[in-house]
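A look at the structure
The primary structure of each chain is shown beneath.
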Amino acid sequence: MLLDQIDTFINRYQELAELLSDPDVINDAKRFRDLSKEEADLRPKVEAFRHYKDVVDQIEGAEEILADESDEELLELAKEELKELKEERDQLEEEIRVLMLPSDPNDDKNIIMEIRGAAGGDEAQLFAADLYEMYSRYAESQGWRISVVEAHSNDIGGYKEIILQISGDKVYSKLKYESGAHRVQRVPKTESQGRVHTSTATVGVMPELEDLDFEIDANDIRTDIYHASGAGGQHVNKTASAVRLTHIPTGIVVAMQDQRSQQQNREKAMLILRSRVYEHVQAEQQSEYDSKRKNLVGTGDRSERIRTYNYPQNRVTDHRINLTIQKLDRIMQGELEEIINALILADQAQKLEELNEHSI
């Protein structure tokens, strides 16, 4: 059964190689892009499949030796080799089951990240700034590019809201688990009594989408153009360059005034609007499914408390997978890999369990 499935993947991979050298495909930008993505996604699977088939062939060879050989020394060697090969085969089967899990079509996309100070006033907004620094350092360690699309700061260095664009290799696949409410426990800079306060900031992670990925009907968007203004409401631009886009069916509004021209503001606003509307649509489609599954590792609900950062004890706890790490100082410096890898493994284990339940 598994070998039949593997052959299907290998045959498709070979077919893709031929298609990608076809001039008609090369001249069709969308088809070439889609097939290139499929080929890249299949490549690690096919390499594992070929390795697995080679091990299965070696097992058959060792079993033939055991059936035909009479030399005791050769029999012992064949038995030992067969034991090792079967252990390798079992390990590869587990790896292949993970590789064959349905992949998230957004995993290779760039993201829009929105960080907002929530409960806790100034302290919550200072924590939002700390999360921005944490994600910036992590992005830098991954070789990703990060840019600020829009930011609303307070007078003491915090952020009421900051919107980021993070681009690079498979950004969404790693940061999609960060959506939710992040809770901090620490003594605020503004606290004179030395008491520990609890505050929260929310993080929203959305895949950055192009028109080809997700299209919004232009008739569903209301566009308002107005003068950009600075602090206190005074006009800072004599021309009307600020743009407000409203998606009428959902009521989602995006306003942008930080760019130099109306066209630049419109493009940035549309980028964020498309991601927010997509997130809204996905959340609606997911709600019924989520109510039926364990939903151990969420990737969308910003109100869900996902993590606590306890400064007095230098501790970070991810509540979804009951993971506690005693190195908050390093995590706030962007060393997120341990948490992210644990979330990915938990998500894979959950999907494997569900797959096994459905196959029984």
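Above this text sits the structure in question.
We now turn to the structure provided with this report. (Residues numbered from 1 in each chain as written. Predicted model: local features only at pLDDT ≥ 70, side-chain atom pairs only at ≥ 80, totals over all residues. Heavy atoms only, no water.)

With the rule as written, the count across this model stands at 25 salt bridges. Salt-bridge contacts for K83 lead to E87; the nearest nitrogen and oxygen are separated by 3.2 Å. Within this pair, K83 and its partner E87 are both found in helix α4 (residues 72-99), separated by 4 residues, close to a single helical turn. Among the charged side chains, a network of salt bridges with common partners joins E114, R116, E161 and R276. (Salt bridge = Lys/Arg side-chain N within 4 Å of Asp/Glu carboxyl O. Helix = DSSP H or I, 4+ residues; strand = E, 2+ residues; numbered from the N terminus.)

Another point: the sheet that holds strand β4 (residues 180-186). The mixed open sheet is built from 8 strands, whose spatial order is β2-β3-β1-β5-β4-β9-β10-β11. Looking at which strands have only one partner, the edges of the open sheet turn out to be β2 (145-153) and β11 (323-325). Across this sheet, the average inter-strand angle for adjacent strands is 15°, counted without regard to direction. For strand β1 (residues 111-117) and strand β5 (residues 197-207), the ladder comprises 7 bridges, and the chain directions are antiparallel. Of the residues in β5, the one forming a bridge with E114 is G204. Strands β1, β2, β3 (159-167), β4, β5 and β9 (305-310) of the sheet are contacted by helix α5 (residues 121-141), whose axis makes an angle of about 110° with β4. (Pairing = 2+ DSSP bridges. Axes fitted to C-alpha atoms, helices over the stretch in contact; angles between N-to-C directions. Contact = heavy atoms within 4.5 Å.)

Another point: the layout of surface pockets. Gaps left between atoms are located by rolling a probe of water-molecule size over the structure's atoms. In this structure, the second largest pocket occupies an estimated 660 Å³ of space. For the second largest pocket, the lining is made up of 23 residues, of which S103, D107, K170, S173 and Q348 are closest to its centre. Of the residues forming the lining of the second largest pocket, the biggest block, 5 residues, is contributed by helix α3 (residues 29-68). Looking at the lining of the second largest pocket, its residues break down into 9 nonpolar, 3 polar and 11 charged. No fewer than three residues from each of domain 1 (1-100) and domain 2 (111-211 + 296-358) sit in the lining of the second largest pocket. (1 Å grid on protein atoms, 1.4 Å probe; cavity = no way out; pocket = protein on both sides within 12 Å on 5 of 7 lines; lining within 4 Å. Points joined across faces, edges and corners; volume = space filled by probe spheres on them. Nonpolar A, V, L, I, M, F, W, Y, C, P; charged D, E, K, R; others polar. Domains from an automatic or database assignment.)

Given a rise of 1.5 Å per residue, 28 residues ought to cover 40 Å, and the 40 Å separating the end C-alpha atoms of α4 matches this to within 8%. Along α4, the positions that sit buried rather than exposed are L75, A78, L82, L85, L92, E93 and I96. (Expected span 1.5 Å × (residues − 1). Buried < 20%, exposed > 50% of the residue type's maximum accessible area, 1.4 Å probe, protein only.)

Turning to the side chain of E123, a few remarks are in order. Considering the arrangement of structural elements, one finds E123 in helix α5. Polar contacts involving the side chain of E123 include one to the side chain of R186, which spans 2.5 Å. When sequence neighbours within four positions are dropped, the list of residues in contact with E123 reads V184, R186, P188, K189 and S199. (Polar contact = N/O pair within 3.5 Å; in protein donor to acceptor, adjacent residues only side chain to side chain.)

Turning to the environment of V281, a few remarks are in order. Note that V281 resides in helix α7 (residues 262-292). Exposure remark for V281: the relative accessible area of 25% places this residue in the partly exposed category.

Across the sheet, which stays open at both edges, the 3 strands sit in the order β6-β7-β8 with antiparallel pairing between neighbours. Edge positions in the sheet fall to β6 (221-226) and β8 (252-256), since each of these pairs with one other strand and no more. The mean angle between the axes of side-by-side strands here comes to 15°, regardless of whether they run parallel or antiparallel. As judged from the 5 bridges shared by strand β7 (residues 242-247) and β8, these two strands associate in the antiparallel manner. Bridging from a neighbouring strand, R244 pairs with A255 of β8.

In this description, a pair of aromatic rings is defined by centroid distance and the angle of the planes. Considering all chains together, one arrives at 3 aromatic pairs under this definition. Ring centres of Y132 and Y159 lie 5.8 Å apart, and the angle between their planes is 85°; this geometry places the pair in the edge-to-face category. In this pair, Y132 is assigned in helix α5 and Y159 in strand β3, connecting sequence segments 27 residues apart. One exposure class covers both Y132 and Y159, and it is buried. A centroid spacing of 5.6 Å and a plane angle of 85° characterise the contact between Y138 and W144, whose relative ring orientation is edge-to-face. The pair Y138 / W144 is uniform in exposure class, with both members buried. Directly above the aromatic system of Y311 lies the positively charged group of R186, at a separation of 4.8 Å from the ring centroid. (Phe/Tyr/Trp six-rings, centres within 6.5 Å; stacked < 30°, edge-to-face > 60°. Lys NZ or Arg CZ within 6 Å of the ring centre and 35° of its normal.)

Let us now look at the nonpolar core. Counting 35 residues, the largest nonpolar core has M113, I115, L131, Y135, L175 and Y309 as its most contacted members. Those elements that provide at least two residues to this core are β1, α5, β3, α6 (171-175), β5, α8 (328-331) and α9 (337-359). No other element matches the 9 residues that α5 contributes to this core. Among all residues touching Y309, those that are not within four sequence positions of it are F127, L131, M134, H182, R183, V184, Q185, R315, V316, L328 and M332. (Core = buried A, V, L, I, M, F, W, Y, C linked by side-chain atoms within 4.5 Å.)

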